[in-house]
Amino acid sequence: MCFGNLTPTSVRIAVVLLSLSSVGLFQCSRDNAPDPGPGISTVGDTLKTPLNYTDLPDLKPTGFTGFSGRSVAVWQLKMRLKTNQDSITNWGATLGRFIFYDKQLSANGTIACAGCHHQDKAFTDGKAFSTGFLGGQTHFSAMSTVNLGLIEDNDPGYFWDGRAKRLRDQVLAPFQDPTEMGMTLPGLIGKMKSLTYYPALFEKAYGSRDITAPKVADALNQFLLSLISYRSKFHTGTHLKVPSADDRPGEVYVKEFSELENRGYYSYVVGGCDQCHFLDGRLVLQHLSNGVNRQAFKDGKSKIPTLFNIALTAPYMHDGRFTSLGEVIDHYRQGEAVTTIRKEALDPDKIDKEALIAFLKTLTDEELTKDQRFSDPFKK
Ligand code: HEC
Ligand code: HEC
């Protein structure tokens, strides 16, 4: 049985059949379809039960009672997420996951989005500049695609220079980038139609086997919105107090933190990092200069990246100029950074390098790097 011209009733029957069983049924959807490769068994499994992308975790910080200062950050995270997460369905994000990991969707079948956005590196690639499908280099360092769901409509846009205003518009750009994946939109859609697993996945996500560019963008958008960091030591810890300039040394802000991590939290807030890198996971309120961006961007400003998972995303800055967090902190303690950044934002005397590094490591969400929902579905 093949699903050529379907009536609404037969569509419903087909959906039931597909959810009951699997591989054999949708393999016949195109006679000359190429072998979809090792992922096929996973696709079959996926068509029975999608993973759960829509259940929001309870992000209210334990031990936190008041609503003042930065501790409210973790709580706000949930509120901000709520709006964006409403657009996610389990099947939509599942389809987005397949597209994100599918090498066949580049001009020569060598690279997927995940080729430059690796799960174990919080969706960066460990390089100053990334290598595209033909070996060419990108102009900027690959950015983490985590926590994009926290950006609101009136925030500055995506990429280091903010040139893409909406995520769903941005996600089709890498396919068509002559360095990154080298496809055209019609070429992309044609390729997807020729792969056996997509029509079935589109049917699950959108109720029809028809594959269109806006649906591809929507599915990728849904998958990306679901990539949220919320299981770091900072998130799961018991917040007792918000650091403030008047505090005595040795105060405990998060119960589970070591003495060094608590000192680092104080340094982060009082030293001024959180004036720009908010701890509620927002990427930006505005684009600013921190002293490294003067030449590279026309207004001398660039996007303020999230520092969640920063220990996993070296090298740092838009050009990967710093290879360690120690080098980054040295940058903020001297020279151009200090003169460029608004005086009230940064207090170099309060920057305690060792403690600050320990604190930055509490922002790593190890679960994210292992979460099956965000992993490669083509891997057996
Ligand atoms: C060859 C490497 C490469 C590939 C392949 C690639 N990217 Fe990227 N990605 C980058 C680089 C480099 C940047 C930063 C580019 C810039 O600012 O101009 C980036 C930035 C992004 C951003 C912006 C994040 C932010 O915070 O503003 C998103 C979202 C993104 N990529 C998603 C994707 C998706 C979806 C795909 C697949 C369709 C993909 N990328 C494929 C290298 C890559
Ligand atoms: C005035 C705003 C501002 C302040 C204050 C600030 N930063 Fe930044 N930070 C930025 C901007 C903008 C970038 C991106 C610069 C670029 O590469 O173009 C950045 C980049 C970074 C990066 C690299 C991120 C990545 O993904 O590569 C780290 C790490 C970092 N900052 C840590 C800190 C620390 C630690 C402090 C406090 C000592 C701090 N920042 C204070 C604006 C700021």
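Just so it is clear, the model here is predicted, and its values are computed rather than measured.

Engineer: For the overall build of the chain, give the residues involved together with the corresponding values.
Structural biologist: Summing up its helical and strand segments, the chain has 16 helices and zero strands in all. Out of the 380 residues belonging to the chain, those deemed buried represent 39%. In the chain, the share of contacts with a sequence separation of at least 24, taken over all contacts with a separation of at least 6, comes to 67%.

Engineer: Quick one: what's the story with the packing of helix H5 (residues 90–101) against helix H9 (residues 197–206), residue by residue and with numbers?
Structural biologist: The N-to-C vectors of H5 and H9 enclose an angle of 155°; their axes lie 8 Å apart at closest approach. With respect to H9, the axis of H5 lies roughly antiparallel. Regarding H5 and H9, the two cross each other, and that crossing is left-handed. Only Tyr197, Leu201, Phe202, Lys204 and Ala205 of H9 make contact with H5, whose side of the interface consists of Trp91, Gly92, Leu95 and Phe98.

Engineer: Residues and numbers for the site of ligand 1, please.
Structural biologist: Around ligand 1 there are 25 residues in total, and Cys113, Cys116, Tyr158, Phe159 and Pro174 lie nearest to it. Among the secondary structure elements, those contributing two or more residues to the shell around ligand 1 are helix H7 (173–176) and helix H10 (213–225). Grouping the amino acids of the shell around ligand 1 by side-chain chemistry returns 17 nonpolar, seven polar and one charged.

Engineer: Go over the environment of threonine 238 with me, naming the residues and quoting the values.
Structural biologist: Topologically, threonine 238 is positioned in the loop between helix H11 (233–236) and helix H12 (259–270). For threonine 238, a count of 14 C-beta atoms within 10 Å gives the class partly exposed. With 16 residues separating them in the primary sequence, threonine 238 and valine 254 have C-alpha atoms 5.4 Å apart.

Engineer: Account for helix H8 (residues 185–194), naming residues and giving values.
Structural biologist: Taken residue by residue, H8 has Leu188, Lys191 and Met192 as its buried positions. Taken end-on, H8 shows its buried residues confined to a sector of 95°, consistent with a single buried face. The exposed set on the far side of H8, more than 90 degrees from its buried face, consists of Pro186 and Gly190. Looking at the packing, one finds that the buried side of H8 touches H7 and H9.

Engineer: I'd like to hear about the environment of aspartate 161, residue by residue, with values.
Structural biologist: Structurally, aspartate 161 can be placed in the loop between H5 and helix H6 (167–170). Given 19 C-beta atoms within 10 Å, aspartate 161 falls into the partly exposed group. Put simply, aspartate 161 and phenylalanine 297 are 136 residues apart on the chain and 6.9 Å apart in space, counted from C-alpha to C-alpha.

Engineer: Account for the packing of H5 against H10, naming residues and giving values.
Structural biologist: In the contact formed by H5 and H10, the axes pass within 7 Å of each other and the chain directions differ by 100°. When the interaxial angle is binned, H5 and H10 end up roughly perpendicular. Contact residues: Gly92, Ala93, Leu95, Gly96, Arg97, Ile99 and Phe100 in H5; Val216, Asp218, Ala219, Leu220, Gln222 and Phe223 in H10.

Engineer: Requested: an account of unusual backbone geometry, with residues and values cited.
Structural biologist: For the bond running from alanine 314 to proline 315, omega is -5°, close enough to zero to count as cis. With a phi angle near 65°, phenylalanine 123 is a residue other than glycine that sits in the positive phi range.

Engineer: Break down the confidence of the model for the chain for me, with residues and values.
Structural biologist: Confidence along the chain averages 79 in pLDDT terms, with 71% of residues attaining 70 or more. The model gives residues 1–41 a pLDDT under 50, and that stretch makes 42 contacts with residues more than four places away or in other chains. Predicted confidence is poor over residues 61–72, with pLDDT under 50, and the contacts of this stretch with residues over four places away or in other chains come to 20 contacts.

Parameters at a glance
- Residues numbered from 1 in each chain as written.
- Chains lettered and ligands numbered in written order.
- Predicted model: local features only at pLDDT ≥ 70, side-chain atom pairs only at ≥ 80, totals over all residues.
- Helix = DSSP H or I, 4+ residues; strand = E, 2+ residues; numbered from the N terminus.
- Buried ≥ 20, exposed ≤ 12 C-beta atoms within 10 Å, placed from the backbone.
- Contact = placed C-beta atoms within 7 Å.
- Axes fitted to C-alpha atoms, helices over the stretch in contact; angles between N-to-C directions.
- Parallel < 35°, antiparallel > 145°, perpendicular 65-115°, else oblique.
- Left-handed = near helix turned anticlockwise from the far one by under 90°.
- Near = placed C-beta within 6 Å.
- Nonpolar A, V, L, I, M, F, W, Y, C, P; charged D, E, K, R; others polar.
- Arc of directions from axis to C-beta.
- pLDDT = per-residue confidence, 0-100.

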